[in-house]
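Below are the chains, spelled out letter by letter.
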Amino acid sequence: MDYEKLRKELVEKLIKAGTLKSKEIIDAFLSIPREEFCLPAYKDKAYIDVPLPIGWGQTISQPTTVAIMTEALKPKEDSRILEVGTGSGYQAAILAFIAKNGFVYTIERIPQLAKFAERNLRKVGIKNVKVFIGDGSLGLKEYAPFDRIIVTCCCPKIPPPLLEQLAKGGIMVLPVGDHPMYQRMTVIEKRDEGDLRMYEIGFFSFVPLIGIYGFKSDSF
Ligand code: SAM
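Residues numbered from 1 in each chain as written. Predicted model: local features only at pLDDT ≥ 70, side-chain atom pairs only at ≥ 80, totals over all residues. Heavy atoms only, no water.

Chemist: Honestly, the overall build of the protein chain in this entry has me stumped. Any pointers?
Modeler: Counting its secondary structure elements, the protein chain contains six helices and nine strands. Taking 17 Å as the expected radius of gyration for a compact globule of 220 residues, we find that the protein chain reaches 16 Å, a close match to that expectation. For the C-alpha atoms alone, the extent of the protein chain along its principal axes is close to 50 × 35 × 30 Å. By the burial criterion, 52% of the 220 residues in the protein chain qualify as buried. In the protein chain, the proportion of contacts linking residues at least 24 apart, taken out of those at least 6 apart, comes to 55%. Counting every atom, the protein chain has about 10300 Å² of accessible surface; 54% of that belongs to carbon and sulfur. Side chains of the protein chain give 30 positive and 27 negative charges; the mean places of these two sets differ by 2 Å. (Helix = DSSP H or I, 4+ residues; strand = E, 2+ residues; numbered from the N terminus. Rg over C-alpha atoms; globule rule 2.2 N^0.38 Å. Buried < 20%, exposed > 50% of the residue type's maximum accessible area, 1.4 Å probe, protein only. Contact = heavy atoms within 4.5 Å. Areas by Shrake-Rupley, 256 points an atom, 1.4 Å probe, with all protein chains shown as cover. Lys, Arg positive; Asp, Glu negative; His and termini not counted. Charge placed at Lys NZ, Arg CZ, Asp CG, Glu CD.)

Structure representation (structure tokens):
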């Protein structure tokens with residue numbers, strides 16, 4: 001299968017749709033092989049614009065969703081980024097590629113997926129990511145503050161520890177809501193004075209954030 005050709009075609013479609021805009025994010029999409037983050041049975045579907053199963057009832061997000069969230073997050077070359085919900089490691093790889101001189105801390109509650117992500121990141125040669133196992137709704141206090149925080153599972157409410165761990169001048173992107181079919185993608189900017197500006201960029205469907213500041217179980 002000519003994955004490179006399929007990757008280029010998908011990126012062109014996302015650019016045409018107005019979903020991918022920034023040069024550095026387009027470069028990351030062209031450089032990170034999504035097929036390496038898929039289970040063997042789904043590799044041939046890596047460049048169809050859909051979420052795919054990665055085991056343990058979880059998914060690698062749809063490319064359109066990754067593109068929209070990454071554009072809203074506005075990562076920089078030197079950003080220190082926290083991701084909650086490592087899954088396959090694909091979103092972390094995209095962020096780490098952009099934040100070449102920064103670092104990505106990513107946290108996953110399912111140990112087997114954390115290992116899967118570590119293997120995938122190693123395969124594609126990404127080094128500036130560290131995968132943690134735990135409840136990401138608590139953030140990672142010992143490494144805070146973060147310039148950017150992205151949550152790739154759905155939060156019933158904005159977890160207070162994540163707001164606290166966002167640096168002044170930082171941006172957080174997360175799906176919020178308790179409806180199983182759709183949640184509001186929310187962008188929070190913490191201004192230099194510490195006050196918050198919040199806005200929404202559409203409806204999305206995510207698996208739940210399960211934890212102290214999340215849902216109590218897999219069912220909403
Ligand atoms: N970003 C991932 C990728 O690129 O493949 C996709 C993430 S998947 C849609 C959501 C992930 O969030 C799942 O792997 C799930 O186990 C994880 N998750 C749910 N609750 C969590 C929590 N409290 N802390 C950390 N991870 C959590």
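There is more to say after this.
Chemist: What is the right way to look at a nonpolar patch on the surface in this model?
Modeler: A cluster of nonpolar side chains, L138, I212 and Y213, forms an exposed patch at the surface whose accessible area comes to about 270 Å². Mapped onto the fold, L138 is located in the loop between β5 (129-133) and β6 (146-151). We classify L138 as partly exposed; its relative accessible area is 37%. (Patch = residues over 30% accessible without salt bridge, like charges linked within 9 Å, V, L, I, M, F, W, Y side chains within 5 Å. Salt bridge = Lys/Arg side-chain N within 4 Å of Asp/Glu carboxyl O.)

Chemist: Explanation requested: the pattern of salt bridges in the structure shown.
Modeler: When the charged atoms of two side chains with opposite charge come close together, those side chains can pair. Going through the model one piece at a time under the given rule, you end up with ten salt bridges. In this structure, the salt-bridge partner of K115 is E118, at a minimum N-O distance of 3.6 Å. Taken together, the positions of K115 and E118, both in helix α5 (residues 111-123) and three residues apart, correspond to about one turn of that helix. On the accessibility criterion, K115 (44% relative accessible area) is partly exposed. Salt-bridge contacts for E189 lead to R197; the nearest nitrogen and oxygen are separated by 3.1 Å. Owing to a relative accessible area of 18%, E189 belongs among the buried residues under this scheme. Note on R197: relative accessible area 37%, which makes it partly exposed. One salt-bridge network, held together by shared partners, links E36, K43 and K123.

Chemist: Help me understand the packing of aromatic side chains, please; the structure alone is not making it clear to me.
Modeler: Aromatic ring pairs are described here by two measures, namely the spacing of the ring centres and the angle between the planes. This model, assessed by the stated rule, comprises nine aromatic pairs. Arranged with centres 4.9 Å apart and planes meeting at 55°, the rings of F103 and Y105 form a pair that is tilted. A relative accessible area of 25% places F103 in the partly exposed class. By relative accessible area, which is 10% here, Y105 ends up buried. Plain terms: the ring middles of Y105 and F146 are 5.6 Å apart, the flat faces sit at 65° to each other, and that makes the pair edge-to-face. One end of the pair, Y105, is in strand β4 (residues 103-108); the other, F146, is in strand β6, and 41 residues separate them in sequence. Each member of the pair, Y105 as well as F146, carries the same accessibility label: buried. An aromatic cluster is built from F103, Y105, F132, Y143 and F146, whose rings are joined through pairwise contacts. Sitting above the plane of the F97 ring, K100 keeps its charged end 4.0 Å from the centroid. (Phe/Tyr/Trp six-rings, centres within 6.5 Å; stacked < 30°, edge-to-face > 60°. Lys NZ or Arg CZ within 6 Å of the ring centre and 35° of its normal.)

Chemist: What should I look at first to understand the packing of helix α1 (residues 3-16) against helix α2 (residues 23-31) in this one?
Modeler: Contact geometry of α1 with α2 gives a least axis separation of 9 Å together with a crossing angle of 155°. In terms of their interaxial angle, α1 and α2 are classed as roughly antiparallel. The hand of the α1/α2 crossing is right-handed. Contact with α1, carried on its side by R7, K8, V11, L14 and I15, involves I26, F29 and L30 of α2 and no other residues of that element. Looking at the contact of α1 with α2 residue by residue, the class counts come to six nonpolar, no polar and two charged. (Axes fitted to C-alpha atoms, helices over the stretch in contact; angles between N-to-C directions. Parallel < 35°, antiparallel > 145°, perpendicular 65-115°, else oblique. Left-handed = near helix turned anticlockwise from the far one by under 90°. Nonpolar A, V, L, I, M, F, W, Y, C, P; charged D, E, K, R; others polar.)

Chemist: How do you make sense of the site of the ligand when you look at a structure like this?
Modeler: As a matter of local geometry, the ligand sits amid 26 residues, with S88, E108, D135, G136 and I210 nearest to it. Between E108 and the ligand, the recorded distance is 2.6 Å, taken from a side-chain N or O atom to an oxygen atom. G134 has a polar backbone atom sitting 3.4 Å from a nitrogen atom of the ligand. Here the ligand loses 99% of its free accessible area of 610 Å² to cover by the protein chains. At the level of secondary structure, the elements contributing two or more residues to the shell around the ligand comprise β2 (58-60), α4 (90-98) and β4. Ranked by the residues each element gives to the shell around the ligand, the list is headed by β2, at three residues. Of the residues contributing to the shell around the ligand, the split by class is ten nonpolar, twelve polar and four charged. (Near = heavy atom within 4 Å. Polar contact = N/O pair within 3.5 Å; in protein donor to acceptor, adjacent residues only side chain to side chain.)

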